Amino acid sequence: MILAAAVALSTVAATGAATAGPVEAAAPGTIVHLEALSAADLIPGADKGFRIVYRTTGQNGEPELSGGNIYLPAGTPPAGGWRVVSWGHSTSGMTLGCTPNLDGGLADTWDETPQLSTYLAQGYAVEATDYIGLGAPGFYEYLAGRADGHAVLDIVRAGAAVDPTLSESFVLAGHSIGGHSVLDGASQAAGYAPELDLHGTVSYAPTSNVEDLIDTLARPDLPELSILQGFETRVVMILAGLDHARPELGITDYLTPVGRQLLDAATTGPGCLAGLDAAAVGKSLGSLFSRPLSDPAISAALRDYLAVPTTGYQRPVLLLQGVSDTLQPIPTTLLLQQELQQAGVDSRLRVYPSATHFTVLKQADSDTRSFVSEVLPSRG
C-alpha cells in the first residue's frame, strides 16, 4: 500500500500548520483531517479505511499533531463495535512522510502490513499511528516515551469519532520502538485516557534499557566493535530527539563534526532510515563524540526521555522476544521482564530461539492470538 505523495501534501495543507508555529490547544484525539482510503490504499483484509490527522500531546505536555491510518475488517461489527488493536510501528526515519502508512508498509527493512492484516483477519479493527511529526507537521522525537504513548492512545480516541462501528475497547500492540511506545501508552493510560477501555498490551522485541548502553558507550575513546546492528544510527536519532525535547542540555556540544553531520542527516536528510543508514556507513560510535556523554544531568534526561516505565500498568502485558535478535538483543528484554515483575506488573514473556528482530512477528503469532483473545475477544 503506497499512498500518493499528494495525499501527504494535502494532509499538511489541511492541518493549516505546514509552517512553524504552535499547534493550538484542543482535546487530544480531536480530528483535524479525515479522508476515506481508496480501495487501492487498503491493506489486505481491510474492508474500508481512513487517513486521519488528530491532536495529541507531546513529550513535555505541549499540544501536537499525529497522523495515522484506520482499517476496518469486513463483516458485521459485534455489539459495542469493532474491538481495536492500536498499532505502534518500528523505526522508519525522522522526517515528514517517513512512516509505513505513507511508505508502502515498510518500517526499517520490514513490511509490517501482514501483521496488521493478521489482526484484521481475527476480527479486530486496526488503528495505526504515525507518531508526532512523521505523518503530520511537527518534529519527531525518536523514542520519546510519553509522546509516543500519547499517540497510540489518542488514535483510539480519534477512531471512536471517525466511525460509529469502532469501539473504545482496545489492545495496544507494537514492534521494536512501537513495542516501546505501547508500553509507555499502557503505563499512562489510566491517568491520560481514563475513558478508554484498555485490555492488554502486546510488545514485540521492545526497545528497552538503551539508555544504559548509551551511558556506557557514548565516548570518543570507544574502540571499534560491533555492539548492536545499526546502533550508531539509533543513537544519533535518540540524541536528535532528546536535543529537541531538552535543548538546554546542549547535546550537540558533545558531538564531533561527524556526529553533527549525522544528526543533521537524521532530522533533515532525504531517504528516511535508509538514507541515514547510508550516511552512517564507516562511522564508528566513538567517532561521533568529542567527549563522553557522562554528565549526570544528561543521564537523568535520557532515562526520563526513553526508559520504559515499570509502574502504572493496570492490564496484562505480553513481551515477545527472539533469541537471534541482533537489533534488540534478548538480555535487554529479560532485564525488562525482571523489572516489570519486580514492580508487580502482570507481565508475561515468550521467547523464540530462532526468531530475529523481524521474524518474531510471525513466530509469535500463536501466542499473540491466544493472549489477545484472552484479554479482549473480538466478539463478546
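It should be emphasised that the depicted structure is a prediction, and the values quoted were computed from it without experimental measurement.

A closer look at the overall build of the protein chain
The number of helices and strands found in the protein chain is 12 helices and 11 strands. Relative to a compact globule of 380 residues, whose C-alpha radius of gyration would be 21 Å, the protein chain shows 19 Å and is just as compact. For the C-alpha atoms alone, the extent of the protein chain along its principal axes is close to 60 × 45 × 35 Å. Burial analysis of the protein chain (380 residues in total) assigns 59% to the buried set. Of all intrachain contacts in the protein chain linking residues separated by at least 6 positions in sequence, the fraction that spans at least 24 positions is 78%. When the accessible surface of the protein chain is split by element, carbon and sulfur atoms take 56% of a total near 13,800 Å².

Remarks on the nonpolar core
Counting residues in each nonpolar core, the largest one holds 77 residues, and the members touching the most others are Ile214, Ile238 and Phe289. Top element by residues in this core is helix H6 (residues 231-245). It accounts for 9 residues. Aside from chain neighbours lying at most four places away, what touches Ile214 is Phe231, Val235, Ile238, Leu293 and Leu302.

Description of the confidence of the model for the protein chain
The predicted coordinates should not be examined in detail at positions where pLDDT is low. Mean pLDDT over the protein chain: 92, with 92% of residues reaching 70 or higher. The model gives residues 1-23 a pLDDT under 50, and that stretch makes 45 contacts with residues more than four places away or in other chains.

Quick notes on the packing of aromatic side chains
For the coordinates displayed, the defined rule picks out 5 aromatic pairs. Taking 6.4 Å as the distance between ring centres and 50° as the angle between the ring planes, the aromatic pair formed by Trp87 and Tyr119 counts as tilted. One end of the pair, Trp87, is in strand E4 (residues 82-88); the other, Tyr119, is in helix H2 (residues 113-121), with 32 residues separating them in the sequence. For the pair shown, Trp87 and Tyr119 are each scored as buried. By way of ring pairs, the aromatic residues Trp87, Tyr119 and Tyr204 are connected into one cluster. Over the face of the ring belonging to Tyr192 we find Arg157, whose NZ or CZ atom lies 5.0 Å from the ring centre. The aromatic ring of Tyr254 is capped on one face by Arg291, whose charged end is 4.0 Å from the ring centroid.

Re empty space enclosed by the protein
Enumeration over the complete set of coordinates arrives at 6 cavities of 30 Å³ or more. In this structure, the largest cavity spans a volume of roughly 160 Å³. The wall of the largest cavity is formed by 15 residues, among which Tyr142, Thr207, Arg234, Leu327 and Gln328 lie closest to the centre. Class assignment of the residues belonging to the lining of the largest cavity gives a composition of 7 nonpolar, 6 polar and 2 charged. Quantified by volume, the second largest cavity comes out at close to 100 Å³. Forming the walls of the second largest cavity are 13 residues, and the residues nearest its centre are Pro100, Asn101, Gly105, Leu116 and Ala128. For the lining of the second largest cavity, the elements supplying multiple residues, two or more each, are H2 and strand E7 (125-132). The class makeup of the residues in the lining of the second largest cavity is 7 nonpolar, 5 polar and 1 charged.

A few points about the state of the cysteines
Overall, the coordinates contain 1 disulfide when judged by the stated rule. In this model Cys98 forms its disulfide with Cys272; the gap between the sulfur atoms is 2.0 Å. One disulfide, between Cys98 and Cys272, carries an S-S torsion of -85° and so falls in the left-handed class. Linking Cys98 in the loop between E4 and strand E5 (106-107) with Cys272 in helix H8 (residues 272-280), this pair joins segments that are 174 residues apart in sequence.

Let's talk about the environment of Val85
If you trace the backbone, Val85 turns up in strand E4. Taking the C-alpha atoms as reference points, Val85 and Tyr124, separated by 39 residues in sequence, lie 6.4 Å from one another. Discounting chain neighbours no more than four positions away, the residues touching Val85 are Tyr119, Tyr124, Ala125, Val126, Glu127, Val171 and Ala173.

Comments concerning the sheet that holds strand E8 (residues 166-175)
On the basis of which strands lie adjacent, the open sheet formed by 9 strands has the order E1-E2-E3-E7-E4-E8-E9-E10-E11 and mixed pairing. Sheet topology places strand E1 (31-36) and strand E11 (347-352) at the edges, where each strand pairs with a single neighbour. Ignoring strand direction, the axes of neighbouring strands in this sheet form an average angle of 20°. As defined by bridge partners, strand E9 (residues 197-204) adjoins strand E10 (residues 317-322) across 4 bridges and the pair is classed as parallel. Following the sheet pairing, Thr201 is matched in E10 by Val317.

Focus: unusual backbone geometry
Backbone geometry at Asp108 places phi at a positive 55°, although glycine is not the residue there. One non-glycine residue, Leu143, adopts positive backbone phi at about 65°. Mapped onto the elements of the fold, Leu143 is located in the loop between E7 and helix H3 (145-162).

What to know about the pattern of salt bridges
Taken as a whole, this structure holds 13 salt bridges when the rule is applied. As a salt-bridge pair, Asp130 and Arg51 come within 2.6 Å of each other at their nearest N and O atoms. Of the two residues, Asp130 sits in strand E7 while Arg51 sits in strand E2 (residues 46-57), which places them 79 residues apart along the sequence. By the burial criterion, Asp130 is buried, and Arg51 matches it. Where Asp212 meets Arg303, a salt bridge forms, and the shortest distance between an N and an O atom there is 2.5 Å. With Asp212 in helix H5 (residues 210-217) and Arg303 in helix H9 (residues 296-306), this pair connects stretches of sequence that are 91 residues apart.

Conventions and cut-offs
Residues numbered from 1 in each chain as written. Predicted model: local features only at pLDDT ≥ 70, side-chain atom pairs only at ≥ 80, totals over all residues. Heavy atoms only, no water. Helix = DSSP H or I, 4+ residues; strand = E, 2+ residues; numbered from the N terminus. Rg over C-alpha atoms; globule rule 2.2 N^0.38 Å. Buried < 20%, exposed > 50% of the residue type's maximum accessible area, 1.4 Å probe, protein only. Contact = heavy atoms within 4.5 Å. Areas by Shrake-Rupley, 256 points an atom, 1.4 Å probe, with all protein chains shown as cover. Core = buried A, V, L, I, M, F, W, Y, C linked by side-chain atoms within 4.5 Å. pLDDT = per-residue confidence, 0-100. Phe/Tyr/Trp six-rings, centres within 6.5 Å; stacked < 30°, edge-to-face > 60°. Lys NZ or Arg CZ within 6 Å of the ring centre and 35° of its normal. 1 Å grid on protein atoms, 1.4 Å probe; cavity = no way out; pocket = protein on both sides within 12 Å on 5 of 7 lines; lining within 4 Å. Points joined across faces, edges and corners; volume = space filled by probe spheres on them. Nonpolar A, V, L, I, M, F, W, Y, C, P; charged D, E, K, R; others polar. Disulfide = S-S within 2.5 Å. Pairing = 2+ DSSP bridges. Axes fitted to C-alpha atoms, helices over the stretch in contact; angles between N-to-C directions. Salt bridge = Lys/Arg side-chain N within 4 Å of Asp/Glu carboxyl O.

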